[in-house]
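# Working through the structure, step by step
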Amino acid sequence: MNTIYLDNNATTPLAPEVLEEMFPYLKEFYGNPSSMHTFGGQLHRKVEDARIKVAQLIGAEPEEIIFTSCGTESDNTAIMSAVESLPNKRHIITTRVEHPAVLNFCKHLGRKGFRVTFLPVNNYGQLKVDELLKVIDEDTALVSIMYANNEVGVIFPIKEIAEILRERRIVFHTDSVQAVGKIPIDLKKLSVDMLSLSGHKLHAPKGVGALYVRKGTRFYPYIIGGHQEMGRRAGTENVASIIGLGKACELASKNIEEEVAYLTRLRDKLETALLKSCPDVRINGDIHSRLPNTTNLSFEYVEGEAILLRLNEYGICASSGSACTSGSLEPSHVLRAMGIPFTAIHGSIRFSLSRYNTEEEIDKVIEIMPKIINDLRLLSPFGREKRAY
Ligand code: PLP
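Just so we're clear, the structure is a prediction, and the values are computed from it rather than from any experiment.

### Quick word on the sheet that holds strand β6 (residues 171-175)
Taken in spatial order, the seven strands of this open sheet run β2-β8-β7-β6-β5-β3-β4, and their pairing is mixed. Every interior strand has two partners, whereas the edge strands, β2 (65-68) and β4 (115-119), have only one. This sheet shows a mean twist of 20 degrees between the axes of neighbouring strands, independent of strand direction. Strand contacts of helix α2 (residues 38-58): β2, β7 (194-198) and β8 (209-213), with the helix running at about 115 degrees to β2, the strand carrying the most contacts.

Here is the structure:
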């Protein structure tokens with residue numbers, strides 16, 4: 001049975017070009033880029049080439065890129081750097097729908113005595129910029145707001161937020177782990193101070209990420225030790241993965257417009273067909289400002305987990321917005337913050353596509369889903385009346 005992988009917001013397959021580019025640096029060229037000898041030292045150039053490619057994808061300068069071990073490290077570093085650089089300020093603003101890499105780190109700082117404001121979102125998962133204006137004060141050290149949401153794909157008005165914060169000289173970090181490589185980002189036109197990205201969300205390997213820090217932004221390292229990354233992130237570089245991330249960014253830069261169009265078409269085809277074939281389905285999230293690859297759907301009267309298990313029998317991988325799959329017993333904090341009714345949260349499923357998905361795969365899901373939903377509803381006392389066909 002072939003796998004139909006529609007869980008690309010969780011992680012993406014490695015691009016074959018990325019693997020090919022990395023291979024020699026896992027096998028033959030295992031040196032340390034900090035070494036004096038040529039064998040190790042030559043890798044320094046390769047790391048710098050990768051830095052240029054990452055910078056190009058987001059409209060940054062190479063020296064504004066710091067390589068890290070993952071998106072989580074980039075997020076933690078950005079937040080910690082802002083609060084360490086401004087020791088007299090004790091207020092952090094973020095949103096209720098951030099990834100745990102930001103949310104839980106801010107909660108942690110809350111327990112350490114910082115004042116943290118978690119901005120609400122509306123029923124479409126969209127942020128109201130007025131709410132941000134209301135809570136900024138003299139004590140605000142940092143605003144950390146994600147670019148695009150991992151669960152529902154909603155894209156926040158980052159340009160508008162960045163302008164408000166620039167006027168007020170407040171440091172702005174954006175967790176762009178789900179946005180980089182999926183939609184065009186140009187930091188020359190966006191007054192963001194720090195931005196996080198992660199390799200494994202854009203067809204590079206797991207265990208590598210980057211943090212963009214705008215020139216002139218005060219920076220305080222989080223991982224302290226050796227002189228790597230110009231003293232901004234200690235630890236011997238993950239050379240092969242950094243090279244892989246560079247290649248993945250180069251691939252994304254080349255094809256981003258075509259990929260946006262391709263993914264939007266496939267995602268919309270899937271969504272339209274399921275809305276038609278299954279009664280009592282709703283789309284979660286702002287359909288006017290969404291990642292092209294993501295759809296989050298709620299099927300009333302069925303459990304998301306049950307749908308996932310049935311999809312799994314056909315080799316189809318997706319994820320759910322309710323319990324266990326995410327390793328937590330709580331229903332999705334994102335859907336809850338959006339005020340989605342509990343019955344709809346429990347029946348929510350996220351499909352997230354990538355450039356490697358084909359039209360045939362989408363057709364297969366379109367064919368199978370109504371049957372799965374219908375069968376599951378027959379098992380449910382409320383669902384029996386709601387057969388798909
Ligand atoms: N931020 C967002 C929005 C994410 O979706 C993720 C991963 O799912 C992360 C941060 C964490 O990235 P990593 O898995 O590289 O630590």
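### Let's talk about the site of the ligand
Surveying the vicinity of the ligand reveals 13 residues, the closest of which are Thr 72, Asp 175, Gln 178, Ser 198 and Lys 201. Between the ligand and Asp 175, the relevant distance is 2.6 Å, taken from a nitrogen atom to a side-chain nitrogen or oxygen of the residue. In the model, an oxygen atom of the ligand is placed 2.6 Å from a nitrogen or oxygen of the Ser 198 side chain. Per element, the largest residue contribution to the shell around the ligand is three residues, and it comes from helix α3 (residues 71-85). A per-class count over the shell around the ligand returns three nonpolar, seven polar and three charged.

### Remarks on the packing of aromatic side chains
Taken as a whole and judged by the stated rule, the model has three aromatic pairs. Ring plane angle 35 degrees and centroid distance 5.6 Å describe the contact between Tyr 25 and Phe 29, whose orientation is recorded as tilted. Residue Phe 29 is classed as partly exposed on the basis of its relative accessible area of 26%. Between Phe 105 and Tyr 222, the aromatic rings sit 6.1 Å apart at their centres with planes inclined by 85 degrees, giving edge-to-face as the arrangement. With Phe 105 in helix α4 (residues 100-111) and Tyr 222 in the loop between β8 and α7 (228-231), this residue pair connects regions lying 117 residues apart in the sequence.

### Quick word on helix α6 (residues 158-167)
Listing the buried residues of α6 in full gives Ile 158, Ile 161, Ala 162, Ile 164 and Leu 165. The arc that holds every buried residue of α6, seen down its axis, measures 160 degrees, which confines them to one face. Its buried side turned inward, α6 meets α5 (129-135), β5 (140-144) and β6. Phi turns positive one or two residues past the end of α6, at Arg 169, with a value near 55 degrees.

The rules we used
Within any chain, residue numbers begin from 1 and follow the written order of that chain's sequence. Whole-chain, interface and lining totals are the exception, using all residues; otherwise, since this is a predicted model, local features are given only for residues with pLDDT of at least 70 and side-chain atom pairs are given and counted only at 80 or more. Neither water nor hydrogens contribute to the side-chain values; these are computed over all heavy atoms in the structure. Two strands form a pair only when DSSP identifies at least two bridges running between them. Only runs of H or I of at least four residues qualify as helices and only runs of E of at least two qualify as strands under DSSP, and these elements are numbered from the N terminus. The axes are straight lines fitted to the C-alpha atoms, using for helices just the contacting stretch, and the angles between their N-to-C directions are given from 0 to 180°. We call two residues in contact when some of their heavy atoms are within 4.5 Å. Residues are classed as near a molecule or strand on a simple rule: at least one heavy atom within 4 Å of it. In the analysis that follows, any N or O atom pair within 3.5 Å is treated as a polar contact, provided that within protein one partner can donate a hydrogen and the other can accept it, and provided that, for residues neighboring in sequence, both atoms belong to side chains. Nonpolar residues are Ala, Val, Leu, Ile, Met, Phe, Trp, Tyr, Cys and Pro. Charged residues are Asp, Glu, Lys and Arg, and all others, Gly as well, are polar. Pairing of aromatic side chains here covers Phe, Tyr and the six-membered ring of Trp, requires ring centres within 6.5 Å, and sorts the geometry by plane angle: under 30 degrees stacked, over 60 edge-to-face, intermediate tilted. Between buried and exposed lies partly exposed: a residue is buried under 20% and exposed over 50% of the maximum accessible area for its type, with that area taken using a 1.4 Å probe on protein chains only. Directions from the helix axis toward the C-beta atoms define the arc.

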